[in-house]
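Secondary and tertiary structure notes
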Amino acid sequence: MTKIKEYMELLTSEMEAFRDDVNRLEAINENIKDVKISIDLKEIKTVLKEHSKQLDNQKEQQERFYNRMESLFQIAGVYPKWAVITFIVAIFLSVVSLVYAYQIKMASEKTSQITIEKVIP
């Protein structure tokens, strides 16, 4: 019987402790309901405004650069295809004529050497 009595006292004390904990949690819950939470966005707003200004400055710089490049491309002369082809053909003909002239010179030197050898034995 003493054991049962001890268990009952232990159970009663545990129940009272649990009830106290529940009462404390209810009080905390009531206090939390009264608390209003708000987010302070002042710092974030200033950072976002500064970032927005930087983005606007970069956009303006890119627009100026694009406009400058566009005007340079319009000013720059682009050669027509026929002029480029004519220039390439002229270079090719010059190289061919130089090679031909060199071969003629070598052939004439060879023939003059042969004639000199025939004349002077």
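Structure: above.
Here the structure is a predicted model, which means the values were calculated and not measured. (Residues numbered from 1 in each chain as written. Predicted model: local features only at pLDDT ≥ 70, side-chain atom pairs only at ≥ 80, totals over all residues. Heavy atoms only, no water.)

**Concerning the overall build of the protein chain**
Keep this limit in mind: Note on conventions: DSSP H or I runs of at least 4 residues are helices, E runs of at least 2 residues are strands, and numbering of each starts at the N terminus. For the radius of gyration, the atom set is restricted to C-alpha positions; the globular benchmark scales as 2.2 Å times the number of residues to the power 0.38. Burial here depends on accessible area, computed with a 1.4 Å probe over protein chains only, as a share of the maximum for the residue type. Under 20% is buried, over 50% is exposed, and the range in between is partly exposed.
Counting its secondary structure elements, the protein chain contains three helices and zero strands. When the helices and strands of the protein chain are read in sequence order from the N terminus, they spell out α-α-α. Against the compact-globule benchmark of 14 Å for 121 residues, the protein chain has a radius of gyration of 51 Å, which places it well outside the compact range. Oriented by its inertia axes, the alpha-carbon framework of the protein chain measures out at about 155 × 50 × 20 Å. When the 121 residues of the protein chain are sorted by exposure, 0% land in the buried category.

**Overview of the pattern of salt bridges**
Put simply, the rule reads: By salt bridge we mean one thing: a side-chain nitrogen of Lys or Arg within 4 Å of a carboxyl oxygen of Asp or Glu.
With the rule as written, the count across this model stands at one salt bridge. Residues arginine 24 and aspartate 21 are paired through a salt bridge, measuring 2.4 Å at the closest nitrogen-oxygen approach. Taken as a pair, arginine 24 and aspartate 21 lie in helix 1 (residues 2-34) at a separation of three residues, close to a single helical turn.

**Structural notes on a nonpolar patch on the surface**
Our working definition: Residues forming no salt bridge and having over 30% relative accessible area are the ones grouped into patches, like charges within 9 Å of each other and nonpolar side chains (Val, Leu, Ile, Met, Phe, Trp, Tyr) within 5 Å. Exposure was quantified through the Shrake-Rupley algorithm and a 1.4 Å probe, taking into account, for residues, occlusion by the shown protein chains and nothing else.
A grouping of Tyr79, Val84, Phe87, Ile88, Ile91, Val95 and Val99 is seen on the molecular surface, where their side chains present a nonpolar patch of about 720 Å² in accessible area. Tracing the backbone through its elements, the reader meets isoleucine 91 in helix 3 (residues 81-119).

**Let's talk about the environment of alanine 27**
Positionally, alanine 27 belongs in helix 1. Along the primary structure alanine 27 and isoleucine 75 are separated by 48 residues, whereas in three dimensions their C-alpha atoms are 80 Å apart.

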